[in-house]
Structures are given as C-alpha cells and as structure tokens.
2 protein chains.
Amino acid sequence: MKMNANVCERLRSPVMKKTTIKDIANELNISPSSVSRALSDEPGVSPSLRKEIVDAAERLNYIPNSSAKSLKTRKTQTVGLIVSDIRNPFFLDFMSGVETVLFPRGYKFIVCDIGEDFEKERIYIKWLLEHGVEGILSSPCGGEDGRNNSRLYREAVRRNIPVVFYDRILEGLDRISSVTLDNRQAILQGVLHLKENGHRKLGIVLHKKGIYTIEERRMGFLEACKMLDIEINADWIIENAVDAERASLSLESVLKSDRRPDAIISTNQFLNEVIVATVRRMGLKIPGDLSIVGFDDHSMNELIEPPLTTIRQPVKDIGRIAATIMLSEIDGTRGDKSKVVLKAELLQRKSVSKLM
Amino acid sequence: MKMNANVCERLRSPVMKKTTIKDIANELNISPSSVSRALSDEPGVSPSLRKEIVDAAERLNYIPNSSAKSLKTRKTQTVGLIVSDIRNPFFLDFMSGVETVLFPRGYKFIVCDIGEDFEKERIYIKWLLEHGVEGILSSPCGGEDGRNNSRLYREAVRRNIPVVFYDRILEGLDRISSVTLDNRQAILQGVLHLKENGHRKLGIVLHKKGIYTIEERRMGFLEACKMLDIEINADWIIENAVDAERASLSLESVLKSDRRPDAIISTNQFLNEVIVATVRRMGLKIPGDLSIVGFDDHSMNELIEPPLTTIRQPVKDIGRIAATIMLSEIDGTRGDKSKVVLKAELLQRKSVSKLM
DNA sequence: TTGTAGGCGTTATCAG
DNA sequence: CTGATAACGCCTACAA
C-alpha cells in the first residue's frame, strides 16, 4: 500500500528535481569528482567504485546536463546545418549523407532553413554561434544585390569554428572549405549530349538569379555553346525562373514563337517539373517536338513519360564529404582548407530525340 | 601604421578570447548585472547606460553564451525533431511546416534521423534529454516485435518536457499529444472511389509491418471492404513491402496469377513508385489493365502517365499543428493533451478506370 | 585512488 | 537604478 502510494507520487509529481552528479555523490557518500570521472569513462576510479556509481546513476535516473558540461569544456557536440530552402528535394539525400557521418561521432545537428533569405540566414548564424555549435555546414544565399553574410561566416572562422560550404560558396572566403559540383562541366555534358544528337537550337531555364550554382550553370551553358560552336539565342535563355506560374508562361511564349528552340536544359528539379508540365499543357510531344535535359535526379524522373534524361549530382556524397571535412577541421587534424569539386553524371533516358 | 598592425593581429589571431558580459562590464567600469539586464531587455537600466552597453557589446563583438544562460535558466530554446526515416519526402513539407512555427518564436530544432531503428531512436532521445531540449516532436518507431521506446518518452514527460507525436503514435501513452491522419478513413476514401468506378477485386501494398500508420491503413482497408461488401482476397494483400526489389517481385507474381486484382492501393510515396514501375515493366496499361490509387502526394504524381489518383495528407499542416501544440505545452498554457486527427483528401486524376 | 576547491558565463536575489 | 554575491551542474588541477 505504502509502496504503491510512493510509486504513484513519483509518477504523478509534475516536475521532479533532476538528479545531478552531486546527488549521486551524496547517495554514495563519495565526492562529486569521482562520480564525474566514473561517468565520463575517465581513468582514476577503482573498478568497484565505478560500478557502484554507474549503478546508482542508473537507479537515480541520472541524465547529464550538457549545458553545464559545455560551459566548462566548450564542446557541445552540436553543429549547424544551414539549408538554402528546405523544400528542395536535394536536402533529403544531403541530410541523410550528413547524418551518416555525424551520428557515429556523437554529433547532433540543428537545421536552419533560410528560405533563400539573407536576413534569416544572418539570424540563424547568430543563433548557431550563441548556441556554441562546433561547426557549420552551409549553402549560403547570395542576394541578387550582391549582399551576403560573409562577414558573419568570417566571424565564425575567427572564433575557430569551422565552416564548410556545400553546393554553393561565397566568393572571396578562401579560408573556408567547400564541397561543390562542377556545374559548368555538368551543363557541358548536357549541351554535348544534345549536340551529338543533332540539336543546335538550345534553350535553358535558369532558377533564381544570383544563386551561385545557377550562375555557374549559366556560364557553363554559354561556355559550352561557344566551345561547341552552337549559336546562342538570348531569347531562349529564361532567367530567374523562381515562380512556377511565371516560369511556365515565359517558357510557353518562347515555345510558341516562330523561332523556337528544339531542346531545353533545366537547372534543378523544381524546373524539371515546371518544364515538363508546361510542354505537356501545350500539347507538344517530348522528345518529338522538344527535347529536354533535366537537372537533379529525382527517382520519379524515370517514371514520367518519357523518362527524363537528367544531369545527376551525387547529392549524398556531397553531404558525406562536407560533414567529414567539417569533423576533421573540428578535430584540428586538417591544416589547409579543402575545395572539393565533384562531377555530375548524365543519365541518358528518353527525353532527347535524335535529329539526324 | 600601429593601428594597421593591430587590426591585422586581430584578424589573424587564430583563436580570440571570446568577450563575455564581464569584459563589457570592465570596459565600461560597471557591474556585470547591469550588462546582463541591458542585453536581455530586462527593465531596471537607465536608457543612457543601456545604450552604452549595447554599443560596447556591438563593438567588442559580443556573442552571448547560451550554455551558460541555459545552465542558469533551464531554457535552451531548442527542441528535438525525431524523424522515422529522413529519406521519406514526407519530411520536406513537414519540416517546412515545423520551421514556420518555431522560427518566429526563436526556437531551433535538432533533427534526429532514426531510420526506423529502435536503438537509434533510444540513443537520440537520450541525447536530446541531455541537451536539454524543451520539447520533442517525434514519429516513433514501433518494432515488429512490439518493442518501443515508450519508457523514454515517459521519462521525458516526467521531466516536464512535452512530447508531441506526429504521423505515428505509441499506444498507451495517453499523456502525450499527437497529430495524426485519419488513416482508416483515408483508405476508405480510396476503396470507395474504386468501388464507385466498378472495381471489386482490390489489392493493397503495405509498407513495413508494425509501423502504426501502415497497420492503420491495413485495418482501414479491411474495414472498408467489409463495409462496402467487397470480398477480401488475402493473396492480394502484399505485406512488409520495404525493399523495392522484393516488393516489385511480390506484386508481379500477384499480377501474373490467374486470379488477379483489377486495382491496387498504395500506402506511401515510395510504394507509389514501386507499383507504377512494376506495372510499366510488365507492360500492363494503367488504368486499362490495372487501376492504381496512390498514397502521399508528390508533385510529380501529376506528371507521370497517367497522372496518379492519390490519397493526399496535409503534411505541412501536420507539421504546423504539431509544433504549435508543442510550443503551447512548453509555455504551459495548455492543460489537457490534444489528439488531433486530420483528414486525407482524394485527388482524382487518371489512374483509375471506370469499369461499368 | 579519492577528495577539495575554483571557475566556466550567466542570471537572480538582495542590498544600497 | 546599480552593484555585490551566490548559484546553475560539471570538470579539473591540485592536494591528500
């Protein structure tokens, strides 16, 4: 009866005082330092005492307070993950890659969705710094106006917390490692593939202006055309295609004009969908009336009709490598900064016709 | 010259001593308490002094140490977000919804990908508790063997940190709020739609056995069939379809048999793709040879041929609501636990034929 | 091997 | 309005 009441009490008590190292020490009539040592696997505690301590900790439902620990040790076992826009399917595989590397090392990560917003990025970086993250993975957003948060990223580095850019970089920050795609070469592959199949009238739909990757892809397109001796038609370059409606309308007007391209290159998964939907709506046949080269491979790109020929980037690897670099910089085992550039891969499916 | 050197020194110093409230106090020859008050917008500081303090903080590049703050106040402005498997596109919209609610309130979140792994979930919950999160959003995983982490979730609640389950729940934890879909009614809608279109031979492909939502969907299917007087054929119920290869093979054998269903219901986006790919591979026409009702609407479901009729759940709302409930429980402004159940919506497209 | 004491950076309680 | 002082929970020399 009595016991029952006690149990009840314990379960019902709205907020129990949390047990601390001190409580365990008192319980066992020993000093807190021994408890600390035992519980953090430090040497200098006799096996028997250690066992007693571990048992008591278990019994008293002890959970370490990492705020206190961090205050003392300056380590939080936490990193920040800044993502440009979390609705981009890119981040599923990316985060999965990151997690794969961080979990075994006991690191947690705080996800910061900045939604391509410079101000929000600023706030999140501050929060991360206050929080005491040991590192930051970021795909920074660079505004069309050229403003960006490089000052804050510098501040982080100055405070000795490593930053690793992935997918995107900020120019001029040489002391920050990065893991990116060779975007120019990626587009070159697409253009080359189109040329090899007889296409000479090439259009491209570019996502938000000012974004590093998009600008690179634009440059890649121009370079590739020059290199391969393909005439560039400015009307076929659709820029700043951020809003689905408007992008679709722009594309439609291009495809309706007398001089129209016979192939379109996309620059991300969002645009793949916009392009395919638009072409469908217009009643054009893919690839009969128009060839399409997508970008960013989603598993469903294979299921649409026709299966979409796509430029694929190794997203999960980007995550794994970025996280690995960050950890080694946290460990201090890496001197120079790394600038890793990965290659894209062209998945040939059925959305490009052979014009011979 | 001198100044220049100083600046250089400052920028180059590998690790600067971080400035604290004390430093600011010394700089201004005042007490740390005033600085603290000024910097946390507490009353009791003259406007003039306050301004001085804020300026000095800015000048000295002061960044608050939230470990110290948390140690004192027991507030971390951080919550944990436990996801069953981050590769599920569900989480894109979900996290977006959560972020929308948390950001304006100054809350950060730690993402924990448990990959349907009971043990990993356990470890992550412990980490979150140690970290001092103020709340936990979780889609817990319940093993096929019936084991789960309800003990740890109880422990969290006992420590007064609110847990909100979303998408999935753990039975028996009545003191934990939840936001889920009315899974049975969702499937009922699909079955009803098929019946209305003349289908009587219904199959279903179920994802991992033991997962709450999947079990509910299974029950929903059985209930709906009984209610609508549709004969249930056990051979047409494909269970534990976790691996794409194997699921595809199972489905293929069902579709090849003499007695085969004329419609298949899916139970998540992953399976939508598996089913469509399989049917395509077999050369069957959708919906001519087989009707399909998908589950979990991905934007590309509209682009495949034919556009997939799909049961859509309001994912972003689930995220928003779950986060809102959690915050109000953190604030302590909510007494009873909420059990929110949202309805699915059937998006009629072209993958269901009319058999009349 | 064990214990003692001081401090990590902040906030909160009291006095002045 | 401002300042001293004592925690918060843990770690870590240093001493015993």
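All values reported here derive from a predicted model rather than from experimental measurement.

(A) Summary view of the sheet that holds strand β12 (residues 345–347) of chain A. All names here are of chain A. With respect to topology, six strands assemble into an open sheet ordered β7-β6-β8-β9-β10-β12, the strand pairing being mixed. Lying at the two open borders of the sheet, with one neighbouring strand each, are β7 (237–238) and β12. In terms of strand pairing, strand β8 (residues 263–265) meets strand β9 (residues 291–295) through three bridges, oriented parallel. Each residue of the ladder has a partner; that of A263, found in β9, is S291. Seen against the sheet, helix α12 (residues 269–281) touches β6 (202–205), β8 and β9 and runs at an angle of roughly 155 degrees to β9.

(B) Structural view of the interface of chain B and chain A. Across the boundary between the two partners, chain B contributes 59 residues, which contact 60 residues of chain A. Carbon and sulfur atoms make up 61% of the surface buried where chain B meets chain A, a total of about 5,800 Å² over both sides. The interface formed by chain B and chain A holds two salt bridges in total. Among the ionic pairs, A:E99 bridges to B:K120, the shortest N-O distance being 3.0 Å. Where chain B touches chain A, the interface holds 18 residue pairs in polar contact (both at pLDDT 80 or more). Sorting the residues of the side of chain B that touches chain A by element identifies α1 (2–12), α5 (66–73), α6 (90–102), β2 (108–113), α7 (118–131), α8 (150–158) and α12 (269–281) of chain B as the ones contributing at least two each. Looking at which element gives the most residues to the side of chain B that touches chain A, the answer is α7(B), with seven residues. Grouping the constituent residues of the side of chain B that touches chain A by class yields 26 nonpolar, 16 polar and 17 charged.

(C) Structural context of the UniProt feature "domain: HTH lacI-type" (unreviewed entry) in chain A. Residues annotated by UniProt as "domain: HTH lacI-type" (unreviewed entry) correspond here to residues 19–73 of chain A. Across residues 19–73 of chain A, helical content stands at 67% and strand content at 0%; the span's end C-alpha atoms are separated by 21 Å.

(D) Layout of the environment of B:R312. Residue and element names in this part refer to chain B. Relative to the elements of secondary structure, R312 occurs in strand β10 (residues 310–312). Expressed as a C-alpha distance, the spacing of R312 and L346, which sit 34 residues apart in the sequence, is 6.1 Å. The residues touching R312, leaving out its near neighbours within four places in the chain, are D297, A344, E345 and L347.

(E) Up close: a positive patch on the surface. Judged by side-chain charge, A:K17, A:K18, B:R74 and B:K75 come together as a positively charged surface patch. Inspection of the secondary structure puts B:K75 in the loop between α5 and β1 (78–83).

What counts and what doesn't
Residues numbered from 1 in each chain as written. Chains lettered and ligands numbered in written order. Predicted model: local features only at pLDDT ≥ 70, side-chain atom pairs only at ≥ 80, totals over all residues. Heavy atoms only, no water. Pairing = 2+ DSSP bridges. Helix = DSSP H or I, 4+ residues; strand = E, 2+ residues; numbered from the N terminus. Contact = heavy atoms within 4.5 Å. Axes fitted to C-alpha atoms, helices over the stretch in contact; angles between N-to-C directions. Buried area = accessible area lost by both parts, 1.4 Å probe. Salt bridge = Lys/Arg side-chain N within 4 Å of Asp/Glu carboxyl O. Polar contact = N/O pair within 3.5 Å; in protein donor to acceptor, adjacent residues only side chain to side chain. Nonpolar A, V, L, I, M, F, W, Y, C, P; charged D, E, K, R; others polar. UniProt positions renumbered as here; feature names shortened; annotations may be inferred. Patch = residues over 30% accessible without salt bridge, like charges linked within 9 Å, V, L, I, M, F, W, Y side chains within 5 Å. Areas by Shrake-Rupley, 256 points an atom, 1.4 Å probe, with all protein chains shown as cover. Lys, Arg positive; Asp, Glu negative; His and termini not counted. Charge placed at Lys NZ, Arg CZ, Asp CG, Glu CD.

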